Amino acid sequence: MTDEIFNRALYLLRAGNRENLKNYLTREGESLRTFADRAIAEDKIKSTLWEQIVGEPMPDPQVKAFEQRLNTQQVSFEELILKHSQSDYGEMINRYIHKQIDQSALNQEEVTAFFQAGIMDEIQLDLYCEKKGWSSRDFVPKDNMSIPPSVWPTDLDLSFGHTDILLVGAPGAGKTMFLSLFYHYAKRKLGNLDILSENPKGSKYSSIIIQAAEEGQFIDSTPKPVILNTSCNLTEKILDKGIFSSKVKEIEMPFNCIEISGENFSDSYGNPLDEWPEKLQNIFKSENPLILVVLLPLDEATITISELDHRIRISTEDFLNYIIGSLQQVPEINRRLVAASIVISKWDELKEPDKTVEEVVAERCPQMHQKLQRDFRDTYGLFPFSVGQVNKKLNSFQYQHDTISEWYDWLISIAPVSP
Ligand SMILES: Nc1nc2c(ncn2[C@@H]2O[C@H](COP(=O)(O)OP(=O)(O)OP(=O)(O)O)[C@@H](O)[C@H]2O)c(=O)[nH]1
Ligand SMILES: [Mg+2]
């Protein structure tokens, strides 16, 4: 505000006509607030007049200090979102953000945060993205991928001569996403994942979940009656050490990966496995070697079990001890078990970056860890797992292979090889 405008405004104020003052300042592109602030700062008027001039209560010093930081771009967008819902700040922040929108000054991270917080609406988002040449689809939460019913087998016919891998875990433990990253990684590593066409539904299922990993999309919860089974062949190169020379040899490892809904496990808590539906019991009938993969989600230490009208919460350790104990008690399963691993899933949720998987397992399920270590020795493994970098607001992720590759190497090191 120039001195000339300021002095003229002061004159109009003293003349006692607020309307004239307001019209004058608007014509000059200035605000009543700026004028009142300066008049008080220069001791031309008492601070009690601020409310009369501006027409609203004078902000407290904290709000003023915030406004100053805002105008000099010193406020982080996290603070903006936090303060936006507070009455003293909301309007001020809206004005500021709309100015930034007009000047195309927001970056993608800010747009995502403001849209998620409801500060930008869908129309503003669309207009802004159009102006910037961005796709507004990248800013709205992704739907989960749903698996078409055509690939839901409800019976199980496991290929003989393969190694069976059974994923075990509560509903939502991360079994499907683990499989999705496993196939995605194997396909990248080997150039092609040799999905065996003798199991066409499993083959289609694997293509869908590989695509989900590629696109950073989560997948709907597995329906209870479904038994998903993919048969694939991992052809790996190993160094064959001879007495005089070593040569690289290709080995074939055929697997049946079996996935059932976590609800089947939670429903069977406290019940004998021979009460499982007959279809599920087919898992026991295979003659193949069997590897157990137990998923323990980092973010949930307990699980809820529903029984008629009752709901009980139990620790994941109690739950998994029961399930694994029950599986081991079935003679047809126990004699086929060749290896087991505990996978701590959703590892990206870890709040203490220095914590190790050993420390987590010691806190969460020391008994199960010790028991599996004792039972399997060299063919027991403990691993972290995460789909990658997760954006919860957008319900999506950017896949990363660092954790699944560790588990994959373990699998290759312990799995029986095709004769
Ligand atoms: N942060 C994070 N969340 C994950 C990860 N994997 C899965 N999730 C979340 O957990 C949910 C459940 O994962 P699923 O893989 O579908 O779990 P599931 O064990 O197959 O569950 P059921 O099919 O119900 O037995 C997903 O929809 C995601 O919201 C991960 O690595 N990190
Ligand atoms: Mg699932």
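1. Quick word on unusual backbone geometry
Logical step 1: Of note, the phi angle at serine 104 is positive, near 50 degrees, even though the residue is not glycine.
Logical step 2: Summarising the element assignment, serine 104 is placed in the loop between helix 7 (87-102) and helix 8 (108-116).
Logical step 3: Positive phi outside glycine occurs at lysine 346, with the angle close to 60 degrees.
Logical step 4: Mapped onto the secondary structure, lysine 346 falls in the loop between strand 8 (337-345) and helix 16 (357-364).
Logical step 5: On the neighbour-count criterion, lysine 346 (21 C-beta atoms within 10 Å) is buried.

2. Regarding the pairing of strand 3 (residues 227-241)
Residues in a regular strand point their side chains to alternate faces of the sheet.
Logical step 1: One ladder, built from two bridges, connects strand 2 (residues 194-195) with strand 3; its direction is antiparallel. Opposite aspartate 194, over in strand 3, you have asparagine 233 as the bridge partner.
Logical step 2: Bridging between strand 3 and strand 4 (residues 246-260) involves 15 bridges; their strand directions are antiparallel. Each residue of the ladder has a partner; that of serine 231, found in strand 4, is asparagine 256.
Logical step 3: The antiparallel pairing of strand 3 with strand 4 creates a hairpin that spans four residues between the two strands.

3. What to know about the nonpolar core
A general trend in soluble globular proteins is that nonpolar side chains are found buried together.
Logical step 1: Residues Val168, Val294 and Val343 are the most contacted members of the largest nonpolar core, which totals 66 residues.
Logical step 2: Of the residues forming this core, the biggest block, eight residues, is contributed by helix 10 (residues 175-190).
Logical step 3: For valine 294, the contacting residues outside a window of four places in its chain are Val168, Gly169, Leu320, Ile324, Ala340, Ile342 and Val343.

4. Re the site of ligand 1
Logical step 1: Among the 21 residues in the neighbourhood of ligand 1, the closest are listed as Lys175, Thr176, Met177, Thr222 and Gly262.
Logical step 2: At three residues, helix 10 tops the list of elements feeding residues into the shell around ligand 1.
Logical step 3: Per-class residue counts for the shell around ligand 1 are seven nonpolar, ten polar and four charged.

5. A look at the domain arrangement of the protein
Logical step 1: As assigned here, the protein comprises domain 1 (3-139) and domain 2 (149-414).
Logical step 2: Put simply, the middle of domain 1 and the middle of domain 2, counted by C-alpha atoms, are 54 Å apart.

6. Describing the pairing of strand 1 (residues 163-168)
Logical step 1: Taking burial as the measure, the six residues of strand 1 include six buried ones, the bulk of the element.
Logical step 2: The two faces of strand 1 match: Thr163, Ile165 and Leu167 on one face and Asp164, Leu166 and Val168 on the other face are all buried.
Logical step 3: As paired elements, strand 1 and strand 4 share four bridges and run parallel to each other. Considered in strand 4, the bridge of threonine 163 is made with phenylalanine 255.
Logical step 4: Judged from the five bridges that link them, strand 1 and strand 5 (residues 290-297) form a sheet pairing that is parallel. Paired with isoleucine 165 across the two strands is isoleucine 291, which belongs to strand 5.

7. Observations concerning the environment of aspartate 318
Logical step 1: Inspection of the secondary structure assignment puts aspartate 318 in helix 14 (residues 316-329).
Logical step 2: Judged by the 15 C-beta atoms lying within 10 Å of it, aspartate 318 is partly exposed.
Logical step 3: Taking the C-alpha atoms as reference points, aspartate 318 and asparagine 107, separated by 211 residues in sequence, lie 47 Å from one another.

8. As for the packing of helix 1 (residues 3-14) against helix 2 (residues 18-27)
Logical step 1: Look at helix 1 against helix 2: their axes get within 8 Å of each other, and the N-to-C directions meet at 160 degrees. In terms of orientation, helix 1 and helix 2 fall into the roughly antiparallel class. Note on packing geometry: the crossing formed by helix 1 with helix 2 is right-handed. Contact residues: helix 1 offers Arg8, Ala9, Leu12 and Leu13, while helix 2 offers Asn20, Leu21, Tyr24 and Leu25.
Logical step 2: Partitioned by chemical class, the residues of the contact of helix 1 with helix 2 number six nonpolar, one polar and one charged.

9. Observations concerning the sheet that holds strand 4
Logical step 1: Taken together, seven strands build an open sheet; the order of strands is 2-3-4-1-5-8-9 and the sheet is mixed. Sheet topology places strand 2 and strand 9 (380-384) at the edges, where each strand pairs with a single neighbour.
Logical step 2: Relative to strand 5, helix 14 is tilted by about 165 degrees, and along the sheet it contacts strand 1 and strand 5.
Logical step 3: Packing of helix 16 onto the sheet brings it into contact with strand 5, strand 8 and strand 9, and relative to strand 9 it is tilted by some 105 degrees.

10. Here's the deal with the confidence of the model for the protein
Logical step 1: Across the protein, the average pLDDT comes to 90, with 99% of residues at 70 or higher.
Logical step 2: Ranking the helices and strands of the protein by mean pLDDT puts strand 9 first, with 98, and strand 2 last, with 80.

11. Concerning the environment of glutamate 332
Logical step 1: Within the element layout of this structure, glutamate 332 appears in helix 15 (residues 331-334).
Logical step 2: For the pair glutamate 332 and isoleucine 283, spaced 49 residues apart in sequence, the C-alpha separation works out to 9.4 Å.
Logical step 3: Beyond its immediate chain neighbours, meaning those up to four positions away, glutamate 332 contacts Phe284 and Lys285.

Quick notes on the rules
- Residues numbered from 1 in each chain as written.
- Chains lettered and ligands numbered in written order.
- Predicted model: local features only at pLDDT ≥ 70, side-chain atom pairs only at ≥ 80, totals over all residues.
- Helix = DSSP H or I, 4+ residues; strand = E, 2+ residues; numbered from the N terminus.
- Buried ≥ 20, exposed ≤ 12 C-beta atoms within 10 Å, placed from the backbone.
- Pairing = 2+ DSSP bridges.
- Core = buried A, V, L, I, M, F, W, Y, C linked by C-beta atoms within 7 Å.
- Contact = placed C-beta atoms within 7 Å.
- Near = placed C-beta within 6 Å.
- Nonpolar A, V, L, I, M, F, W, Y, C, P; charged D, E, K, R; others polar.
- Domains from an automatic or database assignment.
- Axes fitted to C-alpha atoms, helices over the stretch in contact; angles between N-to-C directions.
- Parallel < 35°, antiparallel > 145°, perpendicular 65-115°, else oblique.
- Left-handed = near helix turned anticlockwise from the far one by under 90°.
- pLDDT = per-residue confidence, 0-100.

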